[in-house]
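Structural overview
What follows is the residue order along each chain.
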Amino acid sequence: MGDELNHMISDVKFYNSEDIVARIHFLTKLEEAAPYHHRSGGNYWTRIQESLASFPPEHRYGALALFGSVVYLPDMLLDETVSTLAADIGDICSASNISLPGEAHVFAVDHPGLLDLLYDRGEKHGWTGRLDQSLQRNIRTVQDMLRLAGAVLAPKPDEARVQELRDLLHKRMWVLLTDKALSGGSVKSDATRLDAIRELSCAGSRPAVLVAAQVLTVRALEELKGVGSGEPLGGLLFDSQFSINSEDCGLFRNSSTLEAVRRFCDWFGTKFFGIEFFGRPWLPKGARRSDFRPTVERHRSLGGLANFAYGWRDCGFTIVCEDNAPTNSVPVLWYPTVGMKPDLFLREAVFPRNDSRPRQAASGATTLETRVARGGTRLRRTLWGSS
Amino acid sequence: MKELRQSEFISSVGTRKRPLLFLVAPNYEPRSVEAPIRLAPELSQLGVQFAVGVLQLQAQAERVEPLEDLKNLGKTLLLQSLHECQVEPIMETVQYPDGYSPVGFQRFITELAESTGPNPDILLDISALPRRILVTAFRTVRDLQVKGALGCLYVAYTWAEDYPSPTQPFEVGTLKAVELDCLLSDLVSEKGKVCKECWALVLPGRQGFDGRQLVDQLPPTRHVQVLAFLNRNKLLRSLDMLRANVSILVDRAFSVGYYLTLREAHSKLLNWAATVPVQRDTAYLVAPFGPKPLIFCAIEAVDMVRERIIEQRAENSRADMVQLSGHHYVSTYSEGIGDLSLFVWE
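Residues numbered from 1 in each chain as written. Chains lettered and ligands numbered in written order. Predicted model: local features only at pLDDT ≥ 70, side-chain atom pairs only at ≥ 80, totals over all residues. Heavy atoms only, no water.

Moving on: the overall build of chain B. Within chain B one finds eleven helices and 16 strands. What you see for chain B is a C-alpha radius of gyration of 20 Å, in line with the 20 Å of a compact globule of 346 residues. In terms of principal-axis extent, the alpha carbons of chain B reach across some 60 × 45 × 40 Å. Counting across all 346 residues of chain B, residues that qualify as buried make up 58%. The long-range share in chain B, meaning contacts at least 24 apart out of those at least 6 apart in sequence, stands at 83%. Total accessible area computed for chain B in this model is approximately 14,500 Å², and 49% of it derives from carbon and sulfur atoms. Here chain B contributes 36 positively and 41 negatively charged side chains, and the mean placements of these two sets differ by 5 Å. (Helix = DSSP H or I, 4+ residues; strand = E, 2+ residues; numbered from the N terminus. Rg over C-alpha atoms; globule rule 2.2 N^0.38 Å. Buried < 20%, exposed > 50% of the residue type's maximum accessible area, 1.4 Å probe, protein only. Contact = heavy atoms within 4.5 Å. Areas by Shrake-Rupley, 256 points an atom, 1.4 Å probe, with all protein chains shown as cover. Lys, Arg positive; Asp, Glu negative; His and termini not counted. Charge placed at Lys NZ, Arg CZ, Asp CG, Glu CD.)

So, about the sheet that holds strand 6 (residues 153-162) of chain B. Backbone hydrogen bonds hold the strands of a sheet together, and the pairing may be parallel or antiparallel. Residues and elements named next belong to chain B. Spatially, 1-16-6-5-2-3-4 is the arrangement adopted by the seven strands of the open sheet, whose pairing is mixed. Every interior strand has two partners, whereas the edge strands, strand 1 (2-4) and strand 4 (90-95), have only one. Neighbouring strand axes in the sheet, compared pairwise and without regard to direction, differ in orientation by 25 degrees on average. Here five bridges tie strand 2 (residues 20-24) to strand 3 (residues 50-58), and the two strands are oriented parallel to one another. What sits directly across from Leu-21, in strand 3, is Ala-51. Contacting strand 2, strand 3, strand 5 (121-125), strand 6 and strand 16 (335-345), helix 2 (residues 34-46) crosses the sheet at an angle of about 160 degrees to strand 2. Those strands touched by helix 4 (residues 102-116) are strand 2, strand 3, strand 4 and strand 5, and its axis lies near 145 degrees from that of strand 2. (Pairing = 2+ DSSP bridges. Axes fitted to C-alpha atoms, helices over the stretch in contact; angles between N-to-C directions.)

Attention shifts here to the interface of chain B and chain A. Contacts between the two partners involve 19 residues from chain B, matched on the other side by 29 residues from chain A. When the two sides are added together, the surface that chain B and chain A hide from each other amounts to roughly 2,100 Å², 65% of it contributed by carbon and sulfur. For the pair chain B and chain A, the interface holds three salt bridges. Between the two partners, chain B and chain A, sit six residue pairs in polar contact (both at pLDDT 80 or more). Secondary structure elements with two or more residues in the side of chain B that touches chain A: helix 8 (235-244), strand 12 (255-259) and helix 10 (262-275) of chain B. With five residues, the top contributor of residues to the side of chain B that touches chain A is helix 8 of chain B. Residue composition of the side of chain B that touches chain A, grouped by class: eleven nonpolar, two polar and six charged. (Buried area = accessible area lost by both parts, 1.4 Å probe. Salt bridge = Lys/Arg side-chain N within 4 Å of Asp/Glu carboxyl O. Polar contact = N/O pair within 3.5 Å; in protein donor to acceptor, adjacent residues only side chain to side chain. Nonpolar A, V, L, I, M, F, W, Y, C, P; charged D, E, K, R; others polar.)

Structure follows, in structure tokens:
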């Protein structure tokens, strides 16, 4: 460890001004009890030390404060949010005399496994009605729903599938369940798709749509305004205090620390996502991370900062879930730079991200959606006998 | 325990058409008078017949003068507000903490309930009531309900906007078994009344040291469950609480869980009480260091374990709540006025 680094990590005043010891000790212990799924290397503090050593001295204070501000969410805690959502959904349905689970249908965004957990927790919160098991087994995601509508659009549709779609349209409540709504984009896309299918209902019996997220941010709440039939439900609600990119950021005690963290994120973003750098062939053979360019380019096309300093849609969160780090959190937490050109700083991220999750857009949802939208009149005729 | 929105509470009180006894205790925290200031005009407008009992807690030995002045300020605000609603409050001074008499307090509630009208409902504003007094209040209300002298129990709790950091305790209190009225160390020591073994449910609080202090005093054969609160409306503050309790939250010897709403905590407490193995020579402890409304849930959990101890004739076993006693503040304890939560105990 270099002298400069030694000097910094013995800077007691800085440690105390931001409560660094308690924060990092807490995160180290929490992560020991519930290890990050894709971590490589030692415990959190060891990874931080390795990481700090690779950053220029002027950014190490900002880096250390940033690492101390991580909001780490263990699976056990996230599972608990499902209980809370089950109770909240129960309250809303009870107020409208909707019997659960029979008169509702739950669609998952990305994680169909969440449905089983929700039904399990729902039972403990008085969801006493009968579950339409086969329907819920067959139609677990919005993608399944689109496929079903696609099947009903076939020249000679299977009557059982037509009936399935009718049954779904007869439900009084559709719940769109997601693990994380951080910028709200994925949920909004799925909710819009559901809305299009909802249009097929008979007038006067349209299901209400309720969005429920284990982790919800105010940013997503803004994005989801007007989507669904009421305010989205959140198990954990992160307000703008949790965003480094917000004037309300409350993650640090001192404004000078926040400025240092922002400078650090900017430096990192410009270094690794800057336009001049992105233009060069920078992915050497054997690089361990996936090519992140399409994501960053899409982020830019949506008006995001060119250097991607605060992550997807400039959200600027420091949230890390046990199973993965979201792209809405600042990239310096999850973007590995191992295998990059030698003149750059070589390091593994403290929470390296796994990009394995397939996005629905990439797997044909958009095509199906277009087909369903175009075939609306035919679908209505098949379902209800007239347009 | 069911949480009500303010409109639901008002509508519930209106529908029941019973007189309402409203007990409040102004202290030096601004939040201590928020519930009556917000609710009294609405109740008055609705035509609910209600009486307001104002408890003035008075320390004898150790008065902290600046806090006394703040307390008087709160009381003045409250009285002005009640005056505007044309409500004449009934004032009662309660000696606390020194000289506190549960019997006297019990008598006050009983007499006030009788004078409010036939079989009234009661609304307890617990925002500023010390936990020890809450135990007496809950027990008294339950007794009166059993006798048919009281109807529904409503609870109001105004959350703090924030807490000063760090609070300066005048003295660090000792842990006591509240109703057995003995030091925790006496209860669980070799020389003590029971306890080769202990089952404890800890709801960590903001200060952190109390949870650690508790588990460190337990006998070697201990089974500790820790339930930590993440207030989903105040996550940043909740993270401070988690950090303050890190040593018990990450101790692999303990079973650790979380709750995001008080309703869930209530259900987990009762579940613990219903499933904890009851056996002889064992102490069962519930330590509600977390949000105040959980005191009542803790009492219910303790009662449930006590019933099981009696049913199963588990000799020499005891169940009680553990609280920090003798903890005296020389700060305003909390800052600002947060959300108002209302509950009905069914």
